Amino acid sequence: MFLISKIMYLKNLTVLGFKSFADKTSLNFEPGVTAIVGPNGCGKSNVSDAIRWVLGEQSAKALRGGEMADVIFNGTDGRKPVGMAEVSLTIGGVDEEHLHAAGVEMAYNEVTVTRRVFRDGGSEYFVNKTPCRLKDIQQLFMGTGVGRTSYSIMAQGNITQILSSKPEDRRMIFEEAAGITKYKSQKKEALRKLEYTEQNLLRVADLVREVKRQIGSLQRQAGKARKYKQLSAELQHLDTQLARHQFDVLQTEIRERQTAAENLRNEIETSSASVLRCEDEISQLRERLSELEHQIAAMQQRGLELKSEMDRHESRIQFNEERLREFAAQNSKALADMTQAEERRRIAEQELSTVSGQLTSSQAALTQHRQTLAAKQEALRKVEDELRQQQEALRQAQADAFAAAQALSTLRNEITALDLQKQGNVVRLETLSAEKIQL
């Protein structure tokens, strides 16, 4: 049952996405009594819940829900849930003076209050499509009997509760009906502000006492600050002069350093040219060193060849000496044979002299002895020929041995010269290495 004040009346209720109203539904309230009739569960109570909610109800329990998002249409088997619930309540017959008294500057005799809620918990309030606060809506309906806790909305069991409640609770309804609730709220707000102002005055008084207590110290500090400011100005002036002096000194030093840098640059260029020349000399020395190393390698190879040839000559000399020893042994044997033959000849001569007397008597023996002597002379001649051949071979072997000895001596001299040259090259290489390190 809706009890409307003498001034204002309900004109229209538009619901979108609120509880069972998935589509936008608009209810127009004609003058007189409007009743909603229907079976249980058809959504009759959702209309009163929508009016209570748009007037600023903050309790989800009073709206028969667990949280404020429960008022949003949650969908059915054939429809998807929506993301927003919106209820607009249009009230006609609004007094402009009442609006001004409530602090709402509007020149309308009709007010549309709109409330939206989203699934993320956000809420929005509008008065004639102008964003506002919940407090503005509460002040707008205060003292009119229209509100979430006023007597204009009487749910089932509220009348029995009012009759059985305490006098203090019933007094609130009478005050709302008398239109003094707004003034009591304003009084309470004014008293709260006065109390807040008194607390601020107490804090200001404490601050004034503290400032008075500190004013002497502050005056001393102000004097010190003025003196500090003066000294700071003098210090800044002195710092400026010092900085100027330091700047002049630094400028002079910079010029000197620039001159020194220019000199160093010239020296660096000269040194660079010297370094380039030294590098060229080092390159030439490296080439000379490489040539010397090749010469040393060639000489070492030549020395190895000469040593091998010397070994061959020494082997040949040993062979020739062995042959000489053999020839000497043969010569000694031939000399011994010649001595024996001479001795035999001497003996034969003695025998010849001995048997010369017997020559006549024994011609046959003499002939035989002559034949023997001729044979022996022939043998002696052969021995002498062989001895001459052996002597000739000995002379030839001695000549070969002498030539080999001369070649060996020559090779040894060459090896000695190569060793001396190698030592000289080693000393020169060490000198070049020392010069290379110095360079």
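One can find the structure itself at the top, above this paragraph.
Below you will find a few notes about this structure. (Residues numbered from 1 in each chain as written. Predicted model: local features only at pLDDT ≥ 70, side-chain atom pairs only at ≥ 80, totals over all residues. Heavy atoms only, no water.)

## Quick look at empty space enclosed by the protein
Then, in step 1: Tallying each qualifying case throughout the model produces 3 cavities of 30 Å³ or more.
Then, in step 2: By volume, the largest cavity amounts to about 90 Å³.
Then, in step 3: For the largest cavity, the full set of lining residues is Ile282, Leu285, Arg286, Leu289, Leu432, Ser433, Lys436 and Leu439.
Then, in step 4: The set of elements that each furnish at least two residues to the lining of the largest cavity consists of helix 6 (181–355) and helix 7 (363–438).
Then, in step 5: Tallying contributions element by element places helix 6 first for the lining of the largest cavity, with 4 residues. (1 Å grid on protein atoms, 1.4 Å probe; cavity = no way out; pocket = protein on both sides within 12 Å on 5 of 7 lines; lining within 4 Å. Points joined across faces, edges and corners; volume = space filled by probe spheres on them. Helix = DSSP H or I, 4+ residues; strand = E, 2+ residues; numbered from the N terminus.)

## Concerning the pattern of salt bridges
Then, in step 1: Applying the stated criterion across every chain yields a total of 18 salt bridges.
Then, in step 2: The residue aspartate 248 makes a salt bridge to arginine 244 at a minimum N-O spacing of 3.6 Å. Placement of the pair is aspartate 248 and arginine 244 together in helix 6, with a separation of 4 residues, close to one helical turn.
Then, in step 3: Residue arginine 244 is classed as exposed on the basis of its relative accessible area, which comes to 52%.
Then, in step 4: Note that arginine 302 and glutamate 305 form a salt bridge whose closest N and O atoms lie 3.8 Å from each other. Residue arginine 302 and its partner glutamate 305 are located together in helix 6, separated by 3 residues, close to a single helical turn.
Then, in step 5: You can call glutamate 305 partly exposed: its relative accessible area is 39%.
Then, in step 6: One salt-bridge network, held together by shared partners, links Lys19, Asp49 and Arg64. (Salt bridge = Lys/Arg side-chain N within 4 Å of Asp/Glu carboxyl O. Buried < 20%, exposed > 50% of the residue type's maximum accessible area, 1.4 Å probe, protein only.)

## What about helix 1 (residues 44–54)?
Then, in step 1: Most of helix 1 is tucked away: 8 of the 11 residues are buried.
Then, in step 2: For helix 1, every residue scored as buried is listed here: Asn46, Val47, Asp49, Ala50, Ile51, Arg52, Trp53 and Val54.
Then, in step 3: On its buried face, helix 1 sits against strand 1 (9–16), strand 2 (25–28), strand 3 (84–92) and strand 4 (110–118).
Then, in step 4: Looking one or two places after helix 1, you find glycine 56, whose phi comes out positive at around 115°. (Contact = heavy atoms within 4.5 Å.)

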